[in-house]
Amino acid sequence: MILKQLIQSLESEKISTWFDLGLFTDRLRDRTTNLPIKLKGDFKDFKKQISKGVAFISFYYSIDGVTIEAAKYTKVFKSILDKPKIHYIAGEFFPMSNMFIHPDTKKFQLNEINGFDKWNLFDDFFHKKFSRGSTVYNELIKEFWNETITICKKLGNYIDTNNIQLLYLLNVNSNPGNVSLALACVILSEYLKIPVICNNHDFYWEGGNKEMDIKKQKLKPGPRDFFFTNSDIGEFFSIINVIFPWESRSWMSVNINKTQSKSLITNLGHNPANVTEIGTAIDLDEFKNKTERRKIETFYQMSKILGQYKKKLHVTPIDQLLNNTFDKTPKPFITGYKDSKINFIENNIIFLQPTRIIERKKIEVNFNLITKLFHHPEFVQFFKNNNKLTLTLLVLGPISGGHTSYFKKLLSEFSELFKTIPSKLRDRIFLAFTFSESQKPHYKHKFTDPIHISDIYNIVNLICLPSTVESRGLPIIESAASRCPIFTRRYHPTQVYAEVIGEHLSSED
């Protein structure tokens, strides 16, 4: 009944300008102050209530950091609540996400809540420069408001039907990947009186700035500058300022580092009582040193993955790949200077970049490292003396949405790398991509004991994380756990990097 009244109320709202929307959000903020959510009973009663339904909402579930963390949080809920009913809600569920989602979890796919380049209004919001009174400016508010109502209907109906008592948002209200979804979550939570854990892995202003600030402060271009394309239009950008993230008595903003929390409290004026952090945890036993037998098995399985399960691992010449068109799910491959076969299991120095293929990960910096190595006299002599020795840069993750052009740029830069390498050594340097093959269901059925990320860490010689921006920097922690050296930089935010490597700890820690 409440949901029906809410939808009727939203449909009767006369939102035809961005100014109208601003007035609406102002009333919504007043509502959170005047009508805060009040729960009956004690904490035991609260746990009993939310056990009826906890919904994790994200743009998609795949094999990315958000999905992996969601699996951890789900495990925690299952340990502290009495048989909770867990729901995963997203715009898309990729097949490889199944390995992280418990079979008891209910899944609900809502196409309208897909994020970033898969959100139909993303280009209009952040990649088209418009002015007050322009056609895009006037039409966008109508499309945006209609879509917000549509999401409120469909998502609200699922929440109501399944008796959801807690919303756990994963980056929904920290990065404007789908502003309609973000506003819908605010509206539904406040009107239906559902508490929210707003889990922020990173914010849109981390790695992004306004054009005016870039010019005045002589800042370098950032990977998220596009979010500020229309930030000079106050009545438009105010919606971003207000709901990313939303402040409310019933919303808990849970960040992954203290810098983010400080930013919400100091810069945005959020109540410190509603802001906290959640740390990063890994299983140390999982990363401990493996047996030689397990290492050989890991080499073998990696060789099979890169060879697409054929008898021998074949190297595709880089020049052959430069004009290729790659589909959304490319198959693993290894490339090099020329057509050849490679013994991946023996005499192979491996540099591992355990990340997705995304521009801010700066995978191409590893090529600079390789160039410098092959101009180091001692290393070159060592390489020449061991004529069967090879060096492979192995990249594990998939191509992130919208980064296919960056992937092609990587191939081009790898081709250019050979011009800097002594001619007699060029055919012993390789670049390999698995596109997260070891996380996919069909791979799991090919081996009785499939390898995990911890197994791969135990066979490589160097971990690579040359990113310019990281919200956490998990490979640093994983490399320490596996006792493998790491090649990284003091990425942005620098305070996050400092905390990850423990600069805030005493010397004995």
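See the structure above.
Residues numbered from 1 in each chain as written. Predicted model: local features only at pLDDT ≥ 70, side-chain atom pairs only at ≥ 80, totals over all residues. Heavy atoms only, no water.

Examining the overall build of the chain
Scanning the chain from N- to C-terminus turns up 20 helices and 17 strands. Its C-alpha radius of gyration of 25 Å places the chain within 12% of the 23 Å reference for a compact globule of 509 residues. Summarising its shape, the C-alpha atoms of the chain cover approximately 75 × 55 × 50 Å along the three principal directions. The 509 residues of the chain split such that 54% are buried. If you take every contact in the chain between residues at least 6 apart in sequence, the share linking residues at least 24 apart comes to 74%. Surface accessibility of the chain: about 24,600 Å² in total, with carbon and sulfur atoms responsible for 51%. (Helix = DSSP H or I, 4+ residues; strand = E, 2+ residues; numbered from the N terminus. Rg over C-alpha atoms; globule rule 2.2 N^0.38 Å. Buried < 20%, exposed > 50% of the residue type's maximum accessible area, 1.4 Å probe, protein only. Contact = heavy atoms within 4.5 Å. Areas by Shrake-Rupley, 256 points an atom, 1.4 Å probe, with all protein chains shown as cover.)

What to know about the sheet that holds strand 11 (residues 333-336)
If you trace the 8 strands from one edge of the open sheet to the other, you get 12-10-11-15-14-13-16-17, paired in mixed fashion. Unpaired on one side and paired on the other, strand 12 (340-341) and strand 17 (486-488) mark the two borders of the sheet. Bridge analysis of strand 11 against strand 15 (residues 429-433) gives 4 bridges, and the strand direction is antiparallel. Considered in strand 15, the bridge of Thr335 is made with Leu431. Taken strand by strand, helix 16 (residues 404-417) contacts strand 11 and strand 15, and its axis lies near 170° from that of strand 15. (Pairing = 2+ DSSP bridges. Axes fitted to C-alpha atoms, helices over the stretch in contact; angles between N-to-C directions.)

Thoughts on the nonpolar core
Among the nonpolar cores identified, the biggest contains 62 residues, and Leu21, Ile57, Phe125, Leu155, Val179 and Ile243 are the most heavily contacted of them. Per-element tally for this core: the top contributor is helix 6 (residues 135-161), with 11 residues. If we skip the residues at most four places from it in the chain, Leu155 touches Ile57, Ile89, Leu110, Leu181, Cys185 and Leu188. Of all hydrophobic cores here, the second largest spans 35 residues; its members include Leu321, Ile349, Val380 and Leu391. (Core = buried A, V, L, I, M, F, W, Y, C linked by side-chain atoms within 4.5 Å.)

Some points on the packing of helix 1 (residues 2-12) against helix 6
Viewed as axis vectors pointing N to C, helix 1 and helix 6 meet at an angle of 180°, and their least axial separation amounts to 10 Å. Taken as axis vectors, helix 1 and helix 6 run roughly antiparallel relative to one another. Contacts from Leu3, Ile7, Leu10 and Glu11 of helix 1 reach helix 6 at Trp145, Ile149, Cys152, Lys153, Gly156, Asn157 and Asp160. Here the residues of the contact of helix 1 with helix 6 are counted per class, giving 6 nonpolar, 2 polar and 3 charged. (Parallel < 35°, antiparallel > 145°, perpendicular 65-115°, else oblique. Nonpolar A, V, L, I, M, F, W, Y, C, P; charged D, E, K, R; others polar.)

Describing the pairing of strand 14 (residues 390-395)
Taken across its 6 residues, strand 14 has 6 buried, putting it largely inside the fold. With 6 bridges joining them, strand 13 (residues 348-353) and strand 14 adopt parallel strand pairing. For Leu352, the partnering residue across the bridge sits in strand 14 and is Leu394. Relative to strand 15, strand 14 runs parallel, the two being bridged by 5 bridges.

Thoughts on the sheet that holds strand 8 (residues 251-255)
Taken together, the 7 strands give an open sheet; going across it, the order is 5-3-1-6-7-8-9, and neighbouring strands pair in parallel fashion. Edge positions in the sheet fall to strand 5 (106-109) and strand 9 (275-277), since each has one partner strand and no second. Taken over all neighbouring pairs, the strand axes of this sheet differ in orientation by 20° on average, direction set aside. Pairing analysis gives 5 bridges linking strand 7 (residues 196-200) to strand 8, with the strands arranged parallel.

So, the pairing of strand 15
In terms of residue burial, strand 15 counts as a mostly covered element, since 5 of its 5 residues are buried. Side chains Ile429, Leu431 and Phe433 project from strand 15 onto one buried face, and the interleaved Phe430 and Ala432 project onto a second face that is buried too. Each parallel crossover has a hand, and the one from strand 14 via helix 16 to strand 15 is right-handed. (Right-handed = clockwise from strand over helix to strand, strands pointing away.)

Quick notes on the state of the cysteines
The tally for this structure, following the rule as stated, stands at 0 disulfides. Unpaired in this structure, Cys185 has its nearest cysteine sulfur neighbour in Cys152, at a distance of 8.4 Å. With no disulfide of its own, Cys198 lies 9.0 Å from the sulfur of Cys185, the closest cysteine sulfur. Look at Cys198 and you get buried, because its relative accessible area is 0%. (Disulfide = S-S within 2.5 Å.)

A word on the environment of Leu431
For Leu431, the position within the fold is in strand 15. Placed 144 residues apart in sequence, Leu431 and Phe287 show a C-alpha to C-alpha distance of 25 Å. Those residues within four positions of Leu431 in sequence are excluded, and the remaining contacts are Phe333, Ile334, Thr335, Phe367, Leu393, Val395, Leu411 and Phe414.

Remarks on a nonpolar patch on the surface
Together, Ile296, Tyr300 and Ile345 make up an exposed nonpolar region whose accessible area comes to about 260 Å². Within the fold, Ile345 resides in the loop between strand 12 and strand 13. (Patch = residues over 30% accessible without salt bridge, like charges linked within 9 Å, V, L, I, M, F, W, Y side chains within 5 Å. Salt bridge = Lys/Arg side-chain N within 4 Å of Asp/Glu carboxyl O.)

So, the packing of aromatic side chains
Aromatic ring pairs: the centre-centre distance and the angle between the two ring planes describe each pair. Applying the stated criterion across every chain, the model contains 51 aromatic pairs. On the numbers, 6.0 Å between centres and 85° between planes, the contact of Trp18 with Phe125 is edge-to-face. Of this pair, Trp18 sits in helix 2 (residues 18-34) while Phe125 sits in helix 5 (residues 122-126), placing them 107 residues apart in sequence. Judged by relative accessible area, Trp18 falls into the buried class, the value being 2%. Given a relative accessible area of 1%, Phe125 falls into the buried group. Across from the ring centre of Tyr309, 4.5 Å away, lies the NZ or CZ of Lys446, which sits over that ring. (Phe/Tyr/Trp six-rings, centres within 6.5 Å; stacked < 30°, edge-to-face > 60°. Lys NZ or Arg CZ within 6 Å of the ring centre and 35° of its normal.)

Points about the side chain of Ser303
Mapping Ser303 onto the fold places it in helix 12 (residues 292-306). Apart from the residues lying within four places of it in its own chain, the contact partners of Ser303 are Leu313 and Phe344.

A few points about the packing of helix 6 against helix 7 (residues 179-191)
Closest axis-to-axis distance for the helix 6/helix 7 pair is 8 Å, and the angle between their directions is 55°. With respect to helix 7, the element helix 6 is oriented oblique. The handedness of the crossing between helix 6 and helix 7 is right-handed. Here Phe144, Trp145, Glu147, Thr148, Ile151, Cys152, Leu155, Gly156 and Ile159 of helix 6 come into contact with helix 7, specifically with Val179, Ser180, Leu181, Leu183, Ala184, Cys185, Ile187 and Leu188. Residues that form the contact of helix 6 with helix 7 fall into these classes: 13 nonpolar, 3 polar and 1 charged. (Left-handed = near helix turned anticlockwise from the far one by under 90°.)

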